[in-house]
Amino acid sequence: MGRTASAPPSSLIVSMSTTSDAPVFDATPPQTVFVTDEAPETAYVGGVGSGKTASGVIRAKRHIEDWNAGEQGAIVSPTVPMLRNVIEPELRKWGLLDRPGIEYRRSENRVEYPNGSTLILESANNDRKIERLRGLNLAWAWMDEAAYQPRKVYSILNDRLRVGTYRNLFLT
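Parameters at a glance
- Residues numbered from 1 in each chain as written.
- Predicted model: local features only at pLDDT ≥ 70, side-chain atom pairs only at ≥ 80, totals over all residues.
- Heavy atoms only, no water.
- Buried < 20%, exposed > 50% of the residue type's maximum accessible area, 1.4 Å probe, protein only.
- Helix = DSSP H or I, 4+ residues; strand = E, 2+ residues; numbered from the N terminus.
- Pairing = 2+ DSSP bridges.
- pLDDT = per-residue confidence, 0-100.
- Contact = heavy atoms within 4.5 Å.
- Right-handed = clockwise from strand over helix to strand, strands pointing away.

(A) View of the pairing of strand β4 (residues 72-77). Within β4, 6 of the 6 residues are buried, leaving the element largely enclosed by the surrounding structure. Judged from the 6 bridges that link them, β4 and strand β7 (residues 118-123) form a sheet pairing that is parallel. Across the sheet, residue V76 finds its bridge partner in β7, namely E122.

Shown next as structure tokens:
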């Protein structure tokens, strides 16, 4: 996994919108390293409650809005329940599902953003779903709970990084 050489700032504050009730991501130093890392591959490994999922969502947000605006990315979770019960609420919390102009097609596992970005949500709980990843053209991909996914998911996603200005595969 790649890492940036520069020392990260002690805290990263990411404002999610211009409204006063918007959530703010007050990152710990390890989260800051992960969220700001611009290596082609990076990972955030930590214990339960260390903020891996929130950090993954903030990194996805950076791709959707800044690094790869207008491109397609994917979040792959080990199971559908993990996608629905963990990833979706975190995406919602940080304004990536319920803002005006966002079209969330849950039955298609697809989110389309006003800037042209597309997010594919998929699980890796069987070979058919894993093989479905082969047809994608991605700028970035996030493997959530990567330790619980087959190794071939990593290989397939890495091969799908074919578009965008910052091709990036990240793991939590």
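(B) Quick peek at unusual backbone geometry. Despite not being glycine, N109 has its phi angle at roughly 55°, a positive value. When you line up the elements, N109 lands in the loop between β5 (103-105) and β6 (110-112). Look at N109 and you get buried, because its relative accessible area is 13%. At E145, a residue that is not glycine, the phi angle is positive and equals roughly 50°. Taking the relative accessible area as the measure of exposure, E145 reaches 23% and is therefore partly exposed.

(C) Seen up close, the confidence of the model for the protein. In this model, the protein carries an average pLDDT of 88, and 87% of its residues clear a pLDDT of 70 or more. Every residue in residues 1-20 is under pLDDT 50, and counting partners more than four places away or in other chains gives 45 contacts.

(D) Quick look at the pairing of strand β9 (residues 168-171). Along β9, one buried face is formed by N168 and F170 and the opposite face, lined by L169 and L171, is buried too. Here strand β3 (residues 41-43) pairs with β9 via 3 bridges, running parallel. Considered in β9, the bridge of E41 is made with L169. Of the pairings in the sheet, the one linking strand β8 (residues 140-143) to β9 comprises 4 bridges and is parallel in character. Of the residues in β9, the one forming a bridge with W140 is N168. Of the crossover connections in this fold, the one passing from β8 over helix α5 (residues 151-160) to the parallel β9 is right-handed.

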